[in-house]
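Architecture and fold: a report
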Amino acid sequence: MSEVSTEFRETSAEFKVSAVPLSHVSVEVGHLYMEDLMAGESAVRRTFAAAAPWVLAARVPQAVGCEKKAVRLSTCFLIDDYFSRFSSPAEVIPMVLAAAKKEDLEIDYLARESACASASAGGVSPASLTLGSLVTEPTPGTTGSRPPLTETGWLTNGERSPSTARDEAMTRRSPWQPPRENARRRHSIFVDVELWDEHDGQRTWSCPMLAAVWQLMRLGLLRDQGRAVVTPQDWTEPFPDSWDELPPVVRLNPRASAFAAYTTLSVLSPRFLPVELAVRTILSQFACDATVSAEATGRAARDGMRVPAEVVDRIRYVFAAPGETDPA
C-alpha cells in the first residue's frame, strides 16, 4: 500500500513545509534520448529487458537497506521533451508502455524532463530552486576571487588550473599547475560541470543539472516556499498530441506506491556514467532544507530505513548495457 497522507509543519511565520508521501525506493527503469525512441519499440524493449531483473532485485528488503518484510517500491521513466521534441505523447507513450509490458515491467510513473526546468503555475523552476541551494566546496588556499557559480554556470569539486597567461609586466609566464580535487585520496579525480548556457538571454539547463533535479524530485527533497514542487496526476484519458498538454509527472498505475522515496535506484546504460558523475558532483554540494531533511530522515527510521546523512549517498545505480539483439 502507498502512503496517501500529507503532513504540515510550521517552520516560519511565512509558510509551512509539506511532507510528501514516500516509498522505500524509487526505481528508474532506463533513460532514452529522442533518437533512441525514434529507433522504435524493439530498441526501447531492449532497454527494459536490461532493467527488469534489477527491479525484481530491488524488491528484496536487504538489497535496499530496508528492515521491513516488504518494500514499497515505485518505478518511473523520464521522457526527454526538453532538449528535443519527437513525435507526440499519443504516439510515444503507448509504444513505451507496450515495450515495458512485453518485458513484464510496469511503469508506475512517467515524467517529462521539462518538468525539472519549468516552473509550475505561480512557482519557481525546480532547477532554479536547486541552484539556489548549492553551496560550493571551499578550496584551501584560495581567496574566493573567482565569480560565483550563479554567474559562471560552472561547478567544480576542487581547484581549477591557474591561468598561464603572462603577468602584468609581460615578463614571464606562470608555470602550469594541475587541477586538484578537494576530497582527493592522494590522486585527484577533478570534475568541472557546466550547469547551463545562455544564448540571446535564454538559459538552457544542462543534462547533468536536470538529472540532479530529477534525483531530488524522486527523493522528495525539493520545496518551493514549503510546497512540494511536483505532485503526480492520474491520467486515464487518451494521451494528447502535445507534450505541453501532459502533466509534469503522470501516475499510470493507480495502485502504485508513492512517486518519491527515501532512496533511489537508477538502471541506466553505461553511456550515462559521465553524466551521473556530474550529478553526484552537483548533489554533493546541495544543502537540503534542514526541516525537510529531518522530517524525511525521521520518517525513514520509523519506516525501517536508515538513510545516509548525505543526500548523494541515498542514490544508487546499476549501469546495464541493453542487449544487441531483440528480445525473444
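Please read all numbers here as calculations on a predicted model, not as lab measurements. (Residues numbered from 1 in each chain as written. Predicted model: local features only at pLDDT ≥ 70, side-chain atom pairs only at ≥ 80, totals over all residues. Heavy atoms only, no water.)

Some remarks on the environment of Pro232
For the record, the criterion: Secondary structure is summarised from DSSP: a helix means a run of H or I of at least four residues, a strand means a run of E of at least two, and numbering begins at the N terminus for each. Three exposure classes are used, based on accessible area relative to the maximum for each residue type with a 1.4 Å probe and protein chains only: buried under 20%, partly exposed in between, and exposed over 50%. By the convention used here, residues are in contact when the closest approach between their heavy atoms is within 4.5 Å.
Relative to the assigned elements, Pro232 resides in the loop between strand 13 (227-228) and strand 14 (233-234). Under the relative-accessibility criterion, Pro232 is labelled partly exposed at 27%. Between the C-alpha atom of Pro232 and that of Ala260, which follows or precedes it by 28 residues, the distance is 9.7 Å. Aside from chain neighbours lying at most four places away, what touches Pro232 is Tyr109, Val249, Arg251 and Phe259.

Description of the side chain of Arg112
Quick note on the threshold: Side-chain atoms alone can form a polar contact between residues adjacent in sequence; in general such a contact is a pair of N or O atoms within 3.5 Å, and within protein one must be able to donate a hydrogen while the other accepts it.
For Arg112, the position within the fold is in strand 5 (residues 109-112). Take Arg112: its relative accessible area is 10%, and that puts it in the buried class. At 3.0 Å, the side chain of Arg112 forms a polar contact with the side chain of Ser114. At 3.5 Å, the side chain of Arg112 and the side chain of Asp244 are in polar contact.

Focus: the pattern of salt bridges
Counted only if it meets this: Salt bridge, as used here, is a side-chain nitrogen of Lys or Arg placed within 4 Å of a carboxyl oxygen of Asp or Glu.
Under the definition given, this model contains 17 salt bridges. The salt bridge partner of Lys102 is Glu41, with a shortest N-O separation of 2.6 Å. Of this pair, Lys102 sits in helix 3 (residues 89-102) while Glu41 sits in helix 2 (residues 41-58); the two residues are 61 residues apart in sequence, bridging distant segments of the chain. Among the residues examined, Lys102 registers a relative accessible area of 47% and is labelled partly exposed. Taken together, the shared-partner salt bridges connect Asp81, Arg85, Arg112 and Asp244 into one network.

With respect to the environment of Ser23
Relative to the assigned elements, Ser23 resides in strand 3 (residues 23-32). When its relative accessible area of 0% is taken as the criterion, Ser23 is described as buried. Distance from Ser23 to Arg218, taken between C-alpha atoms, is 9.9 Å for residues 195 residues apart in sequence. Residue contacts for Ser23: discarding those within four places in its chain leaves Arg72, Leu73, Ser74, Ser257, Ala258, Ala260, Ala261 and Tyr262. A polar side-chain atom of Ser23 sits 2.7 Å from the main-chain carbonyl oxygen of Ala258.

A look at the confidence of the model for the protein
So the rule is basically this: Scored from 0 to 100, pLDDT records how confident the predictor is in each individual residue.
Averaged over the protein, the pLDDT score is 87; the fraction of residues at 70 or greater is 87%. For the protein, per-element mean pLDDT is lowest for strand 1 (residues 7-10), which scores 40, and highest for strand 16 (residues 261-268), which scores 98. Low confidence marks residues 1-13, where pLDDT is under 50. Its contacts with residues over four positions away, or in another chain, come to 29 contacts.

Comments concerning the packing of aromatic side chains
Each pair of aromatic rings is reported with the distance of its centres and the angle of its planes. Note the following rule: Here a pair means two rings of Phe, Tyr or Trp (six-membered ring of Trp) with centres within 6.5 Å. Their orientation is stacked below 30 degrees between planes, edge-to-face above 60, and tilted elsewhere. For a ring to carry a charge above it, either NZ of a lysine or CZ of an arginine must fall within 6 Å of the ring centroid while also lying within 35 degrees of the normal to the ring plane.
This structure, assessed with the given rule, holds seven aromatic pairs. Arranged with centres 5.3 Å apart and planes meeting at 45°, the rings of Tyr33 and Phe272 form a pair that is tilted. Taken together, the residues Tyr33 in the loop between strand 3 and helix 1 (34-38) and Phe272 in the loop between strand 16 and helix 7 (273-283) connect sequence positions 239 residues apart. The exposure class assigned to Tyr33 is partly exposed, which follows from its relative accessible area of 22%. Overall, the relative accessible area of 2% leaves Phe272 in the buried class. Pairing Tyr109 with Phe259 gives two aromatic rings, centres 5.4 Å apart and planes at 65°, and the pair type is edge-to-face. Note that Tyr109 is positioned in strand 5 and Phe259 in the loop between strand 15 (249-251) and strand 16, a separation of 150 residues in sequence. Overall, the relative accessible area of 5% leaves Phe259 in the buried class. By the ring-pair criterion, three or more aromatic residues cluster together here, those being Tyr109, Trp214 and Phe259. Between Arg203 and the ring centre of Trp196, over which it is positioned, the NZ or CZ distance is 3.7 Å.

Overview of the packing of helix 6 (residues 207-219) against helix 7
Where we set the bar: Between N-to-C directions, angles cover 0 to 180 degrees, with each direction set by a line fitted to C-alpha atoms, over the stretch in contact for helices. Each crossing gets its hand from how the near helix is turned against the far one by less than a right angle, where anticlockwise is left-handed and clockwise is right-handed. Classification convention: Asp, Glu, Lys, Arg as charged; Ala, Val, Leu, Ile, Met, Phe, Trp, Tyr, Cys, Pro as nonpolar; all other residues, Gly among them, as polar.
Close contact between helix 6 and helix 7 brings their axes to 8 Å; oriented N to C, the two are set at 65°. Between helix 6 and helix 7 the crossing geometry is right-handed. Counted together, Cys207, Pro208, Met209, Ala211, Ala212, Gln215 and Leu216 of helix 6 and Val275, Glu276, Ala278, Val279, Ile282 and Leu283 of helix 7 form the full contact between these two elements. For the contact of helix 6 with helix 7, the residue count by class is 11 nonpolar, one polar and one charged.

Observations regarding the side chain of Thr281
Its place among the elements puts Thr281 in helix 7. Setting aside anything within four residues of it in sequence, one finds Thr281 in contact with Leu155, Thr156, Asn157, Val191 and Val193.

Some thoughts on helix 6
Keep this limit in mind: A helix is expected to span 1.5 Å for every residue after the first.
Helix length check: helix 6 (13 residues) gives 18 Å between terminal C-alpha atoms against 18 Å at 1.5 Å per residue, within 8%. Counting buried positions along helix 6 yields 13 of 13 residues, so the element is predominantly enclosed. Immediately beyond the C-terminal end of helix 6, within one or two residues, lies Gly220, with a positive phi of roughly 70°.

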